[in-house]
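# Results of the structural survey
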Amino acid sequence: MKYFLKFAVHTYFILIFTSCSTFSRISGIYTDIETFRPYITEYINLKQIYLGTDKAYYAIDIIYGTPEFPTVGQCYRTSDPDLSRQVIINAQFWANSNDNERLELLLHELGHCDLNFSHQEERVGIMNAKLKNKELTDTVIKDFFLEGI
Ligand SMILES: [Zn+2]
């Protein structure tokens, strides 16, 4: 618990100190955090392949935060198209995750924030509520973009 509090305070200060720097724009998705960029680029490349566009449908900011345990990522969205949406990634989870888990998490959250997908449990897929470090095969990726699974 003590560790968690320290961590939360630390994150808070990082957010304050970075809040005035410029966001880098990647196809409508904005982030200050370097380590997210290759995964955002991967998302955009895949979106181009499956949906024929390399632009996000909404303005989306991706930041670090501390969603309540055991949530490792969260999408905040409203129905107002003029308000930018926000993906919040748990920094501790991100630091301890491999490439596959990171991409799975970003795809999942952008599934909510960019593609308006809900959770889906009919079969194993990126939009399952629980991340499973599942193998991101062509079929899994295709089912995600085309079926919202
Ligand atoms: Zn979700």
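Residues numbered from 1 in each chain as written. Predicted model: local features only at pLDDT ≥ 70, side-chain atom pairs only at ≥ 80, totals over all residues.

## Focus: the packing of helix H2 (residues 37-51) against helix H4 (residues 99-113)
We apply this condition: Here an axis means a line fitted to C-alpha atoms, over the contact stretch when the element is a helix, while the angle between two N-to-C directions is reported on a 0 to 180 degree scale. Runs of H or I in DSSP of at least four residues are treated as helices and runs of E of at least two as strands, each being numbered from the N terminus. Here roughly perpendicular refers to angles of 65 to 115 degrees, roughly parallel to angles under 35, roughly antiparallel to angles over 145, and oblique to all remaining angles. For any pair of crossing helices, the crossing counts as left-handed if the nearer helix is rotated counterclockwise from the farther one by less than a right angle, and right-handed if it is rotated clockwise. The contact criterion used is a C-beta to C-beta distance within 7 Å, with each C-beta placed from the backbone. Residues were grouped as follows: Ala, Val, Leu, Ile, Met, Phe, Trp, Tyr, Cys and Pro as nonpolar; Asp, Glu, Lys and Arg as charged; and all remaining residues, including Gly, as polar.
Closest axis-to-axis distance for the H2/H4 pair is 10 Å, and the angle between their directions is 60°. On the basis of their axis angle, the class for H2 and H4 is oblique. Between H2 and H4 lies a crossing whose hand is right-handed. Between H2 and H4, the contacting residues are Tyr-39, Ile-40, Glu-42 and Tyr-43 on the first element and Arg-102, Leu-103, Leu-106, Leu-107 and Leu-110 on the second. The residue inventory of the contact of H2 with H4, partitioned by class, reads seven nonpolar, no polar and two charged.

## A few points about H2
Applicable threshold: Helices are assigned an expected span. That span is 1.5 Å times one less than the residue count.
Between its first and last C-alpha, H2 extends 20 Å over 15 residues, near the 21 Å set by a 1.5 Å rise per residue. The positive-phi residue at the C-terminal boundary of H2 is Gly-52, with phi of around 75°.

## Section: H4
Put simply, the rule is: Counts of 20 or more other C-beta atoms within 10 Å of a residue's own C-beta define buried residues, counts of 12 or fewer define exposed ones, and intermediate counts define partly exposed ones; C-beta atoms are placed from the backbone.
Helix length check: H4, at 15 residues, gives a terminal C-alpha distance of 21 Å against a target of 21 Å (1.5 Å per residue), a fit within 8%. For H4, the set of buried residues is Glu-104, Leu-105, Leu-106, Leu-107, His-108, Glu-109, Leu-110, Gly-111 and Cys-113.

## Comments concerning the confidence of the model for the chain
Spelled out, the test is: Every residue carries a pLDDT, the predictor's confidence in it, which falls somewhere between 0 and 100.
Mean pLDDT over the chain: 85, with 83% of residues reaching 70 or higher. Within the model, the stretch residues 1-23 combines pLDDT values under 50 with 14 contacts to residues more than four positions away or in other chains.

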